[in-house]
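Descriptive analysis of the structure
The residues making up each chain are set out below.
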Amino acid sequence: MPFNLDKFVASPSVEELDSLKKSEIVKVAKHYGIEFQPLMRKDEIKRYVLEYLVDESILPSTVLETAITVPTDNTFELKRLEMEMNKEVRLKEMEREREREEREMQKEKEEREMQMQREKEEREERERREEKAREHEFRLKQLELGVIKGSDPKIGLDTGGFDVSKHVKFVPKFQEDNVEKFFNHFEELGEQLKWPRDKWSILIQSNFTGKAQEVYSALSIEDSMDYDKVKKAILQAYELVPEAYRQKFRKYRKADTQTYVEFAYQKERHFDRWCASNRSPHLMP
């Protein structure tokens, strides 16, 4: 049977109110001018209607005792739930932030340790090179003076009246970007000034820098006194070996600023160096 508002208003009862749908209870509440929130539950609106009817003495107060007890205002409960949810969210955020900070701290710690390890290794390697260079220089000085005690007599240097200190100033400046040119220039001077070849290694080492100095310091005393071995070791360090010359010859191309005559000349020089290096690494043109 369809709901009849006038009939309910004429004779309201708890039983009739309990049988109504939410939409029908809403009509009753609006009829009496009862204020409520549209999103309220059915039981909450029904409670408002019962309280109104009791207040207006339309229904006895006992009906409130038997009516379904529902909260008339759940704002506090919603607020509590919201606070708990916010608290849980904050705790999770704090936990994530703590984990992130721990990861960052661990990462920074590992980076510091790696940096310290690198610095330590670099420092130790630098100290080893410096110590080796000092030791090598000292031994060479001893060789120059022929005073190495307990050494093989063949290793001892007989200056034969040749004053190395007077000739070392004529040694050309070493250039890492043109190692071949340095050796060619040095050998030309050696021939012109008639330097004894067995003194060449002592003369040339005085001007070594960078990688060449490191390579020379790593040689044994015997090898460091052999000019050809010194030259070969340094050329190899700068990759001036047969394979390198072959690559230069193969890849050399004419530059826009070159004439064909200049190009042919340079190409021929690369070829000659390749051939010469294959014959004897220490006899470069």
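Counting restarts for each chain, with residues numbered from 1 along the sequence as it is written. Confidence filtering applies because this is a predicted model: local features only for residues at pLDDT of at least 70, side-chain atom pairs given and counted only at 80 or more, and all residues used for totals across whole chains, interfaces and linings. Calculation of side-chain values draws on the structure's entire complement of heavy atoms; hydrogens and water are dropped beforehand.

As annotated in an unreviewed UniProt entry, the protein chain is Stress response protein nst1 from Holothuria leucospilota.

A short note on the overall build of the protein chain
In DSSP terms, a helix is any run of H or I states spanning at least four residues, a strand is any run of E spanning at least two, and both are numbered starting from the N terminus. In terms of regular secondary structure, the protein chain is built from 14 helices and zero strands. Traced from its N-terminal end to its C-terminal end, the protein chain shows the element sequence α-α-α-α-α-α-α-α-α-α-α-α-α-α. With an accessible surface of roughly 20,100 Å², the protein chain has 51% of that area assigned to carbon and sulfur atoms. Reported accessibility uses the Shrake-Rupley method at a 1.4 Å probe radius. Residues are deemed covered only where the shown protein chains occlude them.

A look at the side chain of S201
Position of S201 relative to the elements: it lies in helix α9 (residues 200–205). Here S224 takes part through its backbone oxygen, which lies 3.3 Å from a polar atom of the side chain of S201. A contact between two residues is defined here by any heavy atoms of the two lying within 4.5 Å. The residues touching S201, leaving out its near neighbours within four places in the chain, are Y216, S224, M225, D226, Y227 and V230. Any pair of nitrogen or oxygen atoms within 3.5 Å is treated as a polar contact; in protein, a donor-acceptor pairing is required on top of that, and neighbouring residues in sequence qualify only through side-chain atoms on both sides.

Quick look at the nonpolar core
Side-chain atoms within 4.5 Å link the members of a nonpolar core, which is a set of buried Ala, Val, Leu, Ile, Met, Phe, Trp, Tyr and Cys residues. To sort residues, take the accessible area from a 1.4 Å probe on protein chains only and compare it with the maximum for the residue type: under 20% means buried, over 50% means exposed, and anything in between is partly exposed. Of all hydrophobic cores here, the largest spans 27 residues; its most connected members are F183, F186, W195, F208 and I234. Looking at this core, the elements with two or more residues in it are α8 (179–192), α9, α10 (210–218) and α12 (227–237). Core analysis: the second largest hydrophobic core is formed by 20 residues, A29, I34, I45 and L59 among them.

Here's the deal with the confidence of the model for the protein chain
Note: pLDDT gives the predictor's confidence per residue, expressed from 0 to 100. This prediction gives the protein chain a mean pLDDT of 78; 78% of its residues lie at or above 70. Confidence, expressed as mean pLDDT per element, reaches its minimum in the protein chain at helix α13 (residues 242–251) with 70 and its maximum at helix α3 (residues 22–32) with 90. Scored below 50 in pLDDT, residues 146–159 makes 18 contacts in the model with residues more than four places away or belonging to other chains.

Side note on the environment of F162
Here F162 is to be found in the loop between α6 (75–145) and α7 (164–167). Non-local contacts of F162, meaning those with residues more than four positions away in its chain, are made with H167, W195, P196, K199 and L203.

Things to note about the packing of α10 against α12
In this description, a line fitted to the C-alpha atoms serves as the axis of each element, helices being fitted only across the stretch in contact, and the angle between N-to-C directions of two axes falls anywhere from 0 to 180 degrees. Where α10 meets α12, the axes come as close as 9 Å, and the angle between the chain directions of the two elements is 130°. Relative to α12, α10 is oriented oblique. Like other packed secondary-structure pairs, α10 and α12 cross with a definite hand, here right-handed. Across the interface between the two elements, K211, A212, V215 and Y216 of α10 pack against V230, A233, I234 and A237 of α12. Residues are grouped as follows: Ala, Val, Leu, Ile, Met, Phe, Trp, Tyr, Cys and Pro are nonpolar; Asp, Glu, Lys and Arg are charged; every other residue, Gly included, is polar. The class makeup of the residues in the contact of α10 with α12 is seven nonpolar, no polar and one charged. Oblique is the label for any angle not under 35 degrees, not over 145, and not in the 65 to 115 range, which are roughly parallel, roughly antiparallel and roughly perpendicular in turn. Crossing handedness is defined as follows: a turn of the near helix away from the far one that is anticlockwise and smaller than a right angle gives a left-handed crossing, while the clockwise case is right-handed.

Observations regarding the packing of α3 against helix α4 (residues 42–55)
It is at 10 Å that the axes of α3 and α4 come closest, and there the two elements cross at 35°. Judged by the twist between their axes, the crossing of α3 over α4 is left-handed. Residues K22, I25, V26, V28, A29 and Y32 of α3 form the contact with α4, whose own contacting residues are K42, I45, K46, V49, Y52 and L53. Residues belonging to the contact of α3 with α4 are distributed by class as follows: nine nonpolar, no polar and three charged.

Remarks on the side chain of E187
Within the element layout of this structure, E187 appears in helix α8. Here E187 falls in the buried class, since its relative accessible area comes to 16%. In this structure the side chain of E187 is engaged in a polar contact, spanning 2.8 Å, whose partner is the side chain of Y227.

Looking at the pattern of salt bridges
Any Lys or Arg side-chain nitrogen found within 4 Å of a carboxyl oxygen on Asp or Glu counts as a salt bridge. According to the stated counting rule, one finds 12 salt bridges in the structure shown. The partner of R98 in a salt bridge is E102, with the nearest N and O atoms 2.5 Å apart. Residue R98 and its partner E102 are located together in helix α6, separated by four residues, close to a single helical turn. Judged by its relative accessible area of 42%, E102 falls in the partly exposed class. A salt bridge links R197 to D228; the nearest nitrogen and oxygen atoms lie 2.6 Å apart. With R197 in the loop between α8 and α9 and D228 in helix α12, this residue pair connects regions lying 31 residues apart in the sequence. Residue class for R197 comes out partly exposed when judged on its relative accessible area of 40%. Under the relative-accessibility criterion, D228 is labelled partly exposed at 22%.

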